[in-house]
Amino acid sequence: MKLVEVFESLQGEGRNSGRRCVFVRFAGCNLDCPWCDTAHDARFEMTVGELVAEIAQYRARSVVLTGGEPTVAKGVDELVAALKERGYWIAVETNGTNGIDEAPWLAFVDYIACSPKIERPGSLRLAHADEVRVVASCVGAADFCRAVRERIEATDYYVSPCERDGKMDFALAKETLESLDGWSLSVQLHKLLGFR
Ligand code: SF4
C-alpha cells in the first residue's frame, strides 16, 4: 500500500474529537483539487500485513483511514478486514466521490466522515455517512450545505472554518451556520491546540 504517514494522535474534528486514534494517511487521490494542501505523494510502501503490524505498535484501538482519498487505495478492503478481525474501531475519511455505498468492505467500517468539496458540487456519489463536514470556504457555502444534505443522509452535519494563511475564518463559518438549521460547528482542534 502506498502511504504518506502513519501516526498516533487525537482526532481533531467532528463527533469523535479527542478520540485517540492511529491515523493512516494514504497516498493518492481521485481528485486533483488545485487548492489541495494535503500531502498525498507516496513516501513509503507497506504490505497489508506490515501496516497492521505497524498500527499494532501504537496504544490506540481506533484507526482513521485518511488521505488523499483512502477509498481508492489498493488493498483497503483487505486492510479493514484485518483490522476488524483484531477488534479495531475503524473510521474512513472520504471526499465522497468514489461511489463506495455498495462496497462490501464498508461492513467492517464503523464510521464514515465525508468532506464534500464545495468547488466540486457535481461530483458527490455517496448516499450515507455518519458525519458530513463542509469547509465554509466562500460566501455561498450555505447553499452548498443544503444541496449536500439533500444528497447525503448522515447523523451529524458540520461546518468548519476555512483556514487561509494560517488563520481560521470564523466569521464566514458563523455566517454560514446562522443561515442553516441542524448544522454544528467543527473546528480543527488539532491546529488550535497544537497537536498533530
Ligand atoms: S479531495 Fe482532498 S486530498 Fe484529494 S485533491 Fe482534493 S483536497 Fe486534496
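Let me sum up the structure you'll find in this document. (Residues numbered from 1 in each chain as written. Predicted model: local features only at pLDDT ≥ 70, side-chain atom pairs only at ≥ 80, totals over all residues. Heavy atoms only, no water.)

A closer look at the overall build of the protein
Across its full length, the protein carries five helices and ten strands. For a compact globule of 196 residues, the expected C-alpha radius of gyration is about 16 Å, and the protein comes in at 16 Å, within 12% of that figure. In terms of overall dimensions, the protein has a C-alpha envelope of 45 × 35 × 30 Å along the principal axes. The burial tally for the protein puts 50% of its 196 residues in the buried class. Across the protein, contacts joining residues at least 24 apart in sequence account for 66% of those joining residues at least 6 apart. For the protein, the accessible surface area stands at approximately 9800 Å², while carbon and sulfur atoms represent 48% of it. Distance between charge centroids for the protein: 3 Å, based on 23 positive and 30 negative side chains. (Helix = DSSP H or I, 4+ residues; strand = E, 2+ residues; numbered from the N terminus. Rg over C-alpha atoms; globule rule 2.2 N^0.38 Å. Buried < 20%, exposed > 50% of the residue type's maximum accessible area, 1.4 Å probe, protein only. Contact = heavy atoms within 4.5 Å. Areas by Shrake-Rupley, 256 points an atom, 1.4 Å probe, with all protein chains shown as cover. Lys, Arg positive; Asp, Glu negative; His and termini not counted. Charge placed at Lys NZ, Arg CZ, Asp CG, Glu CD.)

Comments concerning empty space enclosed by the protein
For the structure on display, the rule yields one cavity of 30 Å³ or more. Lining the largest cavity are 13 residues, and of these Gln11, Asn16, Ala91, Glu93 and Tyr111 lie nearest its centre. Put simply, the parts of the chain that give the lining of the largest cavity at least two residues each are strand E5 (89-94), strand E6 (111-114) and strand E7 (131-136). Among the elements that make up the lining of the largest cavity, the one with the highest residue count is E5 (three residues). For the lining of the largest cavity, the residue count by class is six nonpolar, two polar and five charged. (1 Å grid on protein atoms, 1.4 Å probe; cavity = no way out; pocket = protein on both sides within 12 Å on 5 of 7 lines; lining within 4 Å. Points joined across faces, edges and corners; volume = space filled by probe spheres on them. Nonpolar A, V, L, I, M, F, W, Y, C, P; charged D, E, K, R; others polar.)

Observations regarding a nonpolar patch on the surface
A surface patch of nonpolar side chains, amounting to about 370 Å² of accessible area, comprises Phe170, Leu189, Leu192 and Leu193. No other element matches helix H5 (residues 189-193), which puts three residues into the nonpolar patch. Looking at the secondary structure, you find Leu192 in helix H5. The class of Leu192 is partly exposed, set by a relative accessible area of 49%. (Patch = residues over 30% accessible without salt bridge, like charges linked within 9 Å, V, L, I, M, F, W, Y side chains within 5 Å. Salt bridge = Lys/Arg side-chain N within 4 Å of Asp/Glu carboxyl O.)

Brief notes about helix H2 (residues 76-85)
Within the span of H2, buried status applies to Val76, Leu79, Val80, Ala82 and Leu83. The buried residues of H2 occupy an angular sector of 160 degrees when projected down its axis, which confines them to one face. Away from its buried face by more than 90 degrees, H2 exposes Glu78 and Glu85. Buried-residue contacts for H2 involve strand E2 (20-26), helix H1 (48-55), strand E4 (62-66) and E5. Downstream of H2 by a residue or two, Gly87 has a phi angle that is positive, lying close to 85 degrees. (Arc of directions from axis to C-beta.)

Some points on the site of the ligand
In the vicinity of the ligand, the contacting residues are Cys29, Leu31, Cys33, Cys36, His40, Gly68, Asn95 and Lys117. Under a 2 Å grid-point criterion requiring more than half of the atoms, the pocket assigned to the ligand is the largest pocket. A breakdown of the residues in the shell around the ligand according to their chemical character gives four nonpolar, three polar and one charged. (Near = heavy atom within 4 Å. Sits in = over half its atoms within 2 Å of the grid points.)

Let's talk about the layout of surface pockets
With a probe scaled to a water molecule rolled over the atoms, the places where space remains empty come into view. Of the volumes computed, that of the largest pocket is approximately 1300 Å³. Lining the largest pocket are 43 residues, and of these Glu13, Asp37, Thr38, Lys117 and Gln188 lie nearest its centre. A per-class count over the lining of the largest pocket returns 15 nonpolar, 15 polar and 13 charged.

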